[in-house]
Amino acid sequence: MDDVTRYALGRVWTLVSGAVDTVRALPGAAREWMPRSALALAFRELRLAEAAARRALIVMASTAPISGAAYAPLPSTMPPEKDTAPPPSMPPTGRAGKVRADRAPCQLFCLSDTIRVGAFEPVSWSLLGLGDAGRVAPDPSAPVRTRGLKARLAALEALLADPGPTVQRLIKRRARPRRHMFDRGGGPRLRPGRPPGFIPRLRMEWSMDVLMEIHQLAWDGPGRPPPRPPPAP
């Protein structure tokens, strides 16, 4: 690892540490409910820190040897047919049988970008207090449920304390062979274009510079398999 990469990684972990401290200091961060404006700021900080940390992990994993699965040809088989029959212990349909994703958040740090805004990313113009034209903007001081904030914050803190296990998990996923012709592999997915959390109007700020630097390093090739080695003469 060269000095440029090492310096970029150091800046990322400084950014992540600052984001964790900021979220922990917000009013209501330790409770199930917090003000709407504070929750919006918490998710904005987490989104930026997670995107930077995710790309830092890819760069760190680039120092590990690439397994032979990265050079395996794409399978020509179709994916197996799914069994549409319901399992014997299937819960009854209706409201009681549903399990909401935001009630059971993942305890591990997510290695791939989230493409769409989902249950764990309740950041919207309305949440920020900027309602659509003709609508009444919600009260920024109104209490709202945190919905997965604690789990994401805990995963980021564990990563900050020791990124080694998460790097190893990334390497194992990257080495998983593809199972069928539509299988994209187990490697992490990064959003093309601007990374999550990047705000163009704030591009001159330090945090945005850190994010774009590690984003470029992750896309430039460290996390990708190297070219197939030439056959032995």
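Thresholds, definitions, all that
- Residues numbered from 1 in each chain as written.
- Predicted model: local features only at pLDDT ≥ 70, side-chain atom pairs only at ≥ 80, totals over all residues.
- Heavy atoms only, no water.
- Helix = DSSP H or I, 4+ residues; strand = E, 2+ residues; numbered from the N terminus.
- Buried < 20%, exposed > 50% of the residue type's maximum accessible area, 1.4 Å probe, protein only.
- Contact = heavy atoms within 4.5 Å.
- Areas by Shrake-Rupley, 256 points an atom, 1.4 Å probe, with all protein chains shown as cover.
- Axes fitted to C-alpha atoms, helices over the stretch in contact; angles between N-to-C directions.
- Parallel < 35°, antiparallel > 145°, perpendicular 65-115°, else oblique.
- Nonpolar A, V, L, I, M, F, W, Y, C, P; charged D, E, K, R; others polar.
- Core = buried A, V, L, I, M, F, W, Y, C linked by side-chain atoms within 4.5 Å.
- pLDDT = per-residue confidence, 0-100.
- Salt bridge = Lys/Arg side-chain N within 4 Å of Asp/Glu carboxyl O.

### Thoughts on the overall build of the chain
- In terms of regular secondary structure, the chain is built from 5 helices and 2 strands.
- Counted from the first residue to the last, the chain has its helices and strands arranged as α-β-α-β-α-α-α.
- Across the 233 residues in the chain, those meeting the buried criterion constitute 35%.
- Pairs at least 24 residues apart make up 82% of the contacts formed inside the chain by residues separated by at least 6 positions.
- Surface accessibility of the chain: about 14500 Å² in total, with carbon and sulfur atoms responsible for 59%.

### With respect to the packing of helix 2 (residues 36–61) against helix 4 (residues 164–174)
- Between helix 2 and helix 4, the least distance of the axes is 9 Å, while the angle of their chain directions is 70 degrees. Judged by the angle between their axes, helix 2 and helix 4 are roughly perpendicular. In contact with L57, I58, M60 and A61 of helix 2, helix 4 contributes T166, V167, L170, I171 and R174.
- Across the contact of helix 2 with helix 4, the residue classes break down as 7 nonpolar, 1 polar and 1 charged.

### A word on the nonpolar core
- The biggest cluster of nonpolar side chains holds 48 residues, and the ones touching the most others in it are V12, W13, V16, F109, L149, L156 and I214.
- Those elements that place two or more of their residues in this core are helix 1 (3–24), helix 2, helix 3 (149–161), helix 4 and helix 5 (206–219).
- For L156, the residues in contact, after removing those within four places along its chain, are V16, V20, L46, A49, E50, A53 and F109.

### Some details on the confidence of the model for the chain
- Averaged over the chain, the pLDDT score is 76; the fraction of residues at 70 or greater is 63%.
- Within the chain, the element-level pLDDT minimum falls on strand 2 (residues 143–145), averaging 84, and the maximum on helix 1, averaging 94.
- Overall, residues 92–105 carries pLDDT values under 50, and its contacts beyond four positions in sequence, including any with other chains, amount to 11 contacts.
- Note that residues 117–134 has pLDDT below 50 and, in this model, 29 contacts with residues that lie over four places away or in other chains.

### Overview of the pattern of salt bridges
- In the structure shown here, the tally under the stated rule is 8 salt bridges.
- Across the pair E157 and R24 runs a salt bridge whose closest N-O atoms are separated by 2.8 Å. Highlighted residues: E157 in helix 3 and R24 in helix 1, separated in sequence by 133 residues.
- Assessed through its relative accessible area of 27%, E157 is described here as partly exposed.
- By sharing partners, the salt bridges in this structure join R11, D209 and E213 into a single network.

### Examining the side chain of T166
- Mapped onto the secondary structure, T166 falls in helix 4.
- Once residues lying within four places of it in the same chain are set aside, the contact partners of T166 are L57, F109, L111 and L159.

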